[in-house]
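Take a look at the letters that make up each chain.
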Amino acid sequence: VVVDNDGIHSFLQGKVVMVTGGGGSIGSELCRQIAREDPKLLIIFDIYENNAYDIQQELKRKYPYVRVETLIGSVRNTNRLHYVFQTYHPEIIYHAAAHKHVPLMEESPNEAIKNNVLGTLKLSRIAAEYHVKKFVLISTDKAVNPTNIMGASKRLCEMVIQMMNRQTETDFVAVRFGNVLGSNGSVIPLFKKQIEDGGPVTVTDKRIIRYFMTIPEAVSLVLLAGTYANGGEIFVLDMGEPVKIDTMARNMIRLSGFEPDVDIKVVYTGLRPGEKLYEELLMKEEGMQDTANRLIHIGKPIEMDDEQFRQQLERLDKACKAAVSNIKDIVAETVQ
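Throughout what follows, the structure given in this document is the object of discussion. None of these values were measured; they are calculated from a predicted model. Sequence order sets the numbering: in each chain, residues are counted from 1 along the sequence as written. pLDDT decides what is reported in this predicted model: residues at 70 or higher carry local features, side-chain atom pairs at 80 or more are listed and counted, and totals for whole chains, interfaces and linings draw on all residues regardless. Calculated side-chain values reflect all of the structure's heavy atoms, with hydrogen atoms and water omitted.

Some remarks on the pairing of strand β1 (residues 16–20)
So, point 1. Only protein chains enter the accessibility calculation, which uses a 1.4 Å probe. A residue is then buried if its area is under 20% of the maximum for its type, exposed if over 50%, and partly exposed in between. A run of H or I in DSSP becomes a helix once it reaches four residues, and a run of E becomes a strand once it reaches two; helices and strands are each numbered from the N terminus. Where burial is concerned, most of β1 is hidden: five out of the five residues are buried.
So, point 2. By the alternation rule, side chains of β1 split into V16, M18 and T20 and V17 and V19, which are all buried.
So, point 3. Being paired, for any two strands, means DSSP has found at least two bridges between them. As defined by bridge partners, β1 adjoins strand β2 (residues 41–46) across five bridges and the pair is classed as parallel. Bridge pairing in β2 links V17 to L42.
So, point 4. Here a crossover is taken to be right-handed if, once the strands point away from the viewer, the path from the first strand over the helix to the second is traced clockwise. Handedness of the crossover joining β1 and β2 through helix α2 (residues 25–35): right-handed.
So, point 5. With four bridges connecting them, β1 and strand β4 (residues 92–95) associate as parallel partners. If you follow M18 over to β4, its bridge partner there is I93.

Structure follows, in structure tokens:
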């Protein structure tokens, strides 16, 4: 992946930049790449102190001249967010904080909606109130024709972004991409551990495919898409050719010096709840617009009624807080 570093540098240099979920796989790489561009201040915001501490220490070593504030807090906590915005006045926000594990979110759907959708709504409202210039949502290919609560929650986040962009002066955009190699809880670290333990290596289905990109590549494109953004776009990253998970598992076994099915067994466990055989980066009807970088495209805006959507979000908010058992039905009625 080749990006226009000059454009990214002039976009970030001398700015107050905030990364939510700044300790996570994507968030911490965002922090690394932003720190290189000489921001006025980098705010790492995360609920999980251990990850936040790790990236804070790394940036202190690598970029001792960059001012970094590491703040613990949740995007669900309105008072905490007000304090952060009043104190530091971020100009650019990269919103990477989210629950992301598909099977876990199927079991705790209310939490997925509280954190992903309502957290994004709170953060975006406060960002607009404090005149943030740009707000970039990290989205996922699982938001396309979602078959699980995690994907649906991210689709709703994209809808929040588009609604907020129409109603405020802040430029709200989303960047959607597929799986990143080696992120927390993803398939490669899992296979590695299974191989170290002598197997078996578990693949859900022989036919399952995924799109992959390295974390630094994905983050470079996210930063570049932020420079292109005029507001309201859903940027879609070109993830290259799809990879068969079964082939990848067998290659990893061979690269570790073993023979698949002889030294280390490959076991098929069946698709997990809400899991697709293949991910789609674009909905069919979205069409595609090109940008200056051939790996970044723009999807069509989501057609929706903002007032109706606002009412549906209030309904979702009440339902989550009441921990209702039918939250998936309410989500299904709301997703466009």
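Text resumes after the structure shown.
Here we look at the sheet that holds strand β14 (residues 289–290)
So, point 1. Read from one edge to the other, the open sheet built from nine strands follows the order β3-β2-β1-β4-β5-β6-β11-β15-β14, with strand pairing classed as mixed. Bordering the open sheet on either side are β3 (68–72) and β14, each of which pairs with just one other strand.
So, point 2. By the bridge criterion, three bridges tie strand β6 (residues 171–177) to strand β11 (residues 234–237) in an arrangement that is parallel. Within β11, the residue paired with A174 across the bridge is I234.
So, point 3. In what follows, a contact means two residues having at least one pair of non-hydrogen atoms within 4.5 Å. The convention used is that axes are lines fitted to C-alpha atoms, helices contributing only their stretch in contact, and that angles between N-to-C directions extend from 0 to 180 degrees. Packing against the sheet, helix α7 (residues 149–167) makes contact with β5 (134–140), β6 and β11, and its axis sits at approximately 155 degrees to β5.

Points about the nonpolar core
So, point 1. F85, I113, L156 and V331 are the most contacted members of the largest nonpolar core, which totals 52 residues.
So, point 2. Here the element with the most residues in this core is α7; it accounts for 10 residues.
So, point 3. Sequence-distant contacts of F85, that is, excluding residues within four places in its chain, are made with M18, P90, I93, L123, I126, A127, Y130 and V132.
So, point 4. Take the buried Ala, Val, Leu, Ile, Met, Phe, Trp, Tyr and Cys residues and link them wherever side-chain atoms come within 4.5 Å; each set so joined is a nonpolar core. With 45 residues, the next largest nonpolar core counts L30, L59, M239 and I298 among its residues.

Some words on the environment of V68
So, point 1. On the secondary structure map, V68 appears in strand β3.
So, point 2. Between the alpha carbons of V68 and I188 there is a distance of 31 Å; along the sequence they are 120 residues apart.
So, point 3. When neighbours within four sequence positions are excluded, V68 is seen to be in contact with L41, L42, I44 and L59.

Quick look at the packing of helix α6 (residues 109–129) against α7
So, point 1. For the pair α6 and α7, the least separation of the axes is 9 Å and the interaxial angle reads 15 degrees. It follows that α6 is roughly parallel to α7 by the angle criterion. The element α6 and its partner α7 pack so that their crossing is right-handed. Every residue of α7 that contacts α6 at P109, A112, I113, N116, V117, T120, L121, S124, R125 and A128 is listed here: I149, S153, K154, L156, C157, V160, I161, M163 and M164.
So, point 2. Of the residues belonging to the contact of α6 with α7, the class tally is 13 nonpolar, four polar and two charged. Convention used here: angles under 35 degrees read as roughly parallel, angles over 145 as roughly antiparallel, angles from 65 to 115 as roughly perpendicular, and any remaining angle as oblique. Rotating anticlockwise by less than a right angle from the far helix to the near helix defines a left-handed crossing, while the corresponding clockwise rotation defines a right-handed one. Each residue is assigned to one of three groups, with Ala, Val, Leu, Ile, Met, Phe, Trp, Tyr, Cys and Pro labelled nonpolar, Asp, Glu, Lys and Arg labelled charged, and all others, Gly among them, labelled polar.

As for the side chain of D205
So, point 1. In this structure, D205 sits in the loop between β8 (201–203) and β9 (209–210).
So, point 2. Under the rule applied, a polar contact is a pair of N or O atoms within 3.5 Å (in protein, one hydrogen donor and one hydrogen acceptor; residues adjacent in sequence only if both atoms are side-chain atoms). Of note is the side chain of D205, whose polar atom sits 2.8 Å from the backbone nitrogen of R207.
So, point 3. Setting aside anything within four residues of it in sequence, one finds D205 in contact with Y268, L271 and L277.

Quick word on the pattern of salt bridges
So, point 1. Salt bridges are defined as contacts in which a side-chain nitrogen from Lys or Arg sits within 4 Å of a carboxyl oxygen from Asp or Glu. Here the structure, examined in full by the defined rule, presents 23 salt bridges.
So, point 2. With a closest N to O distance of 2.9 Å, K276 and E280 form a salt bridge. The two residues K276 and E280 agree in class, both being buried.
So, point 3. In this structure, the salt-bridge partner of R310 is E314, at a minimum N-O distance of 2.6 Å. Of this pair, R310 and E314 both sit in helix α11 (residues 306–321), four residues apart, which is roughly one turn of the helix.
So, point 4. Looking at R310, the relative accessible area reads 29%, which means it is partly exposed.
So, point 5. Among the residues examined, E314 registers a relative accessible area of 40% and is labelled partly exposed.

Overview of unusual backbone geometry
So, point 1. Of note, the bond from G199 into P200 is cis; its omega dihedral lies within 30 degrees of zero at -5 degrees.
So, point 2. Structurally, P200 is set in the loop between α8 (187–196) and β8.
So, point 3. Positive phi is not limited to glycine here, since D38 has a value of about 60 degrees.
So, point 4. Its location among the elements puts D38 in the loop between α2 and β2.
So, point 5. Here D38 falls in the partly exposed class, since its relative accessible area comes to 34%.
So, point 6. For H131, which is not glycine, the phi torsion reads 60 degrees and is therefore positive.
So, point 7. Owing to a relative accessible area of 61%, H131 belongs among the exposed residues under this scheme.

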